[in-house]
Amino acid sequence: MTALHILLLIGAYFAVLLIISYFTGKNDSNEDFFKAGQQSPWYLVAFGMVGASLSGVTFISVPGWVDASQFSYLQVVFGYFLGYLITAYVLLPIYYKQNVTSIYEYLDERFGFVSYKVGAISFFVSRVLGAAFRLFLVAIVLQQFVFDAWNVPFEITVTLSILLIWIYTFKGGIKTIVWTDTLQTLFMLVSVGLSIYFILDKLEWTFIDFLGSKELSGYSKTIFTDDFFAKNHLIKSFIGGMFVTICMTGLDQDMMQKNLTCRNLKDAQKNMVSFSVVLVLVTFVFMLLGALLFIYAETYQVQIPLMDGKPKSDLLFPEIALNSGLGITVAITFMLGLIAAAYSSADSALTSLTTSFCVDFLGTGKKSAFEAKKIRRKTHVAMSILLILVVISFKYILDRNVIDGLLTVASYTYGPLLGLFAFGIFTTYQVRDKYVWLVALTSVGIILFLAKIPVDVLGGYQFGYELLPLNGLITFIGLWLIRIKKRGDSTV
């Protein structure tokens, strides 16, 4: 598959998205842009959220991670499942009861102005970094397999990618994304299924042969309980995964914005539960694909591609799909799956960043409809430019597996959100609102310090995903120390 073919495929794909955008963006109101008029069918939201949750990170990085970590990531995914249930039955009722546009409006009602802004800023930093990670991944693939052949700079690749997202989301916003996510999820799942089918066919295996093969057993160890000090221990991974989900879904405007487009709380909960079951199964299939890729690479002597002179396992899937003789069908479906996976999360991230900044920082809810729409459009452009700058910067600073890096960043930036919401939900205290920012910064600083402690100093203990709940706990303790009994207390 040549670079020109890939470019034509991308063009056709975005033409379809623009058609969807045309029909869903006719109203162009802030109400539709932010909440889709709360008319989205729950099953449509659930299916689309699968693609948005998996993203380009899972599509490429999880299969590429199998060689180094085997199936240990599933321990984290099991934690995800419990986290989704907590989100459905603890957090969603709060959001629907208060009828929020931005979920951080809850913090304003519960604690006050400073807490509200700390929550919104925590999300903003988290989502910018998370979206940039995902966009970076698809950009390096497009660069290596398409634009390098034409000597197009990486910076232009990134700019064009985000420009295309802006074009099909600038009117319809979340209303458009609910429908485009559905299409994107379908493309991604078809891509993975066909890739597995054709690789198995090339290896002359049936799926049952593959599941029973000794080659798979060399990659498929899932439960790790031998060394509690290790980063991938079951308990640490499960608890960390649960809190990652609570934070990166339940406390994340991006993911919750889709849920808030459902007609009512019951529909939103059905969406969340069904989505969580499907997501666990789909992630398992991605792990199987990862093992199959490495088996295929070893069998046919496919080398892991280099990036900046170093092997980059994230690029193994595209290398096999595009350059190892599996045929045009695999190449086409891989590119469709990659584009769909990347943009299904990036487009909603751009929309949620626009929503949060408009509602939480610019106060569009208190302005006239005309002025609010004008502000929203300008903010949408500004968020696009910000993402471009951050993604480009990653090319020069990113030095680890993408999904591992994403979850590590979440440990730092989502921790204050976890502590704030937990304190608001599980206690009846108010806090000295003007000091909340100091508690949040202190918590993040402590976590940064702990993460930098050499392993030998800790007796071999390796911090993993448990940094996230620990961050939330430190924030919770800090809020406890500045608590008061009721709003209006003279000590505030």
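Here, the structure is the one placed above.
Since this is a predicted model, take the numbers as computed values, not measurements.

Asks: It is not clear to me how the packing of aromatic side chains should be interpreted in this structure. Could you clarify?
Replies: Two aromatic rings are characterised by how far apart their centres lie and by the angle between their planes. In the structure shown here, the tally under the stated rule is 32 aromatic pairs. Residues Y13 and F14 carry aromatic rings whose centres are separated by 5.5 Å and whose planes lie at 90 degrees to one another, so their mutual orientation is edge-to-face. Across this residue pair, the class does not change: Y13 and F14 are buried. Aromatic pair Y296 and Y300: ring centres 4.8 Å apart, planes at 35 degrees, arrangement tilted. An aromatic cluster is present here, built from Y95, Y104, Y106, F123 and F421 joined pairwise through their rings. Of note, K236 hangs over the ring of F228, and the distance from its end group to the ring centre comes to 5.7 Å.

Asks: Sorry, what's going on with a nonpolar patch on the surface here?
Replies: A contiguous nonpolar surface patch, about 390 Å² in accessible area, is contributed by L18, I156, L160, L163 and I167. When residues in the nonpolar patch are grouped by element, the largest group, four residues, is from helix α7 (residues 154-169). Topologically, L18 is positioned in helix α1 (residues 3-24).

Asks: So what exactly am I meant to see when it comes to helix α19 (residues 436-452) here?
Replies: Structural remark: α-helix, 3.6 residues per turn; residues separated by three or four positions point the same way. Between the first and last C-alpha of α19 there are 25 Å, a value that for 17 residues agrees with the 24 Å anticipated at 1.5 Å per step. Along α19, the residues that are buried comprise V436, V439, A440, S443, I447 and L450. For α19, the arc enclosing every buried residue in end-on projection is 100 degrees, short of the 170-degree limit, so these residues lie on one face. Seen from the buried face of α19, the exposed residues on the opposite side, beyond 90 degrees, are L441, F449 and K452.

Asks: Got a minute to help me understand the side chain of D254 in this structure?
Replies: Topologically, D254 is positioned in helix α12 (residues 253-259). On the accessibility criterion, D254 (2% relative accessible area) is buried. In terms of polar contacts, D254 uses its side chain to reach the side chain of S348, at 3.1 Å. With residues up to four places along the chain from it excluded, the contact list for D254 reads F123, R127, S345, S348, A349 and S352.

The rules behind the values
- Residues numbered from 1 in each chain as written.
- Predicted model: local features only at pLDDT ≥ 70, side-chain atom pairs only at ≥ 80, totals over all residues.
- Heavy atoms only, no water.
- Phe/Tyr/Trp six-rings, centres within 6.5 Å; stacked < 30°, edge-to-face > 60°.
- Buried < 20%, exposed > 50% of the residue type's maximum accessible area, 1.4 Å probe, protein only.
- Lys NZ or Arg CZ within 6 Å of the ring centre and 35° of its normal.
- Patch = residues over 30% accessible without salt bridge, like charges linked within 9 Å, V, L, I, M, F, W, Y side chains within 5 Å.
- Areas by Shrake-Rupley, 256 points an atom, 1.4 Å probe, with all protein chains shown as cover.
- Salt bridge = Lys/Arg side-chain N within 4 Å of Asp/Glu carboxyl O.
- Helix = DSSP H or I, 4+ residues; strand = E, 2+ residues; numbered from the N terminus.
- Expected span 1.5 Å × (residues − 1).
- Arc of directions from axis to C-beta.
- Polar contact = N/O pair within 3.5 Å; in protein donor to acceptor, adjacent residues only side chain to side chain.
- Contact = heavy atoms within 4.5 Å.

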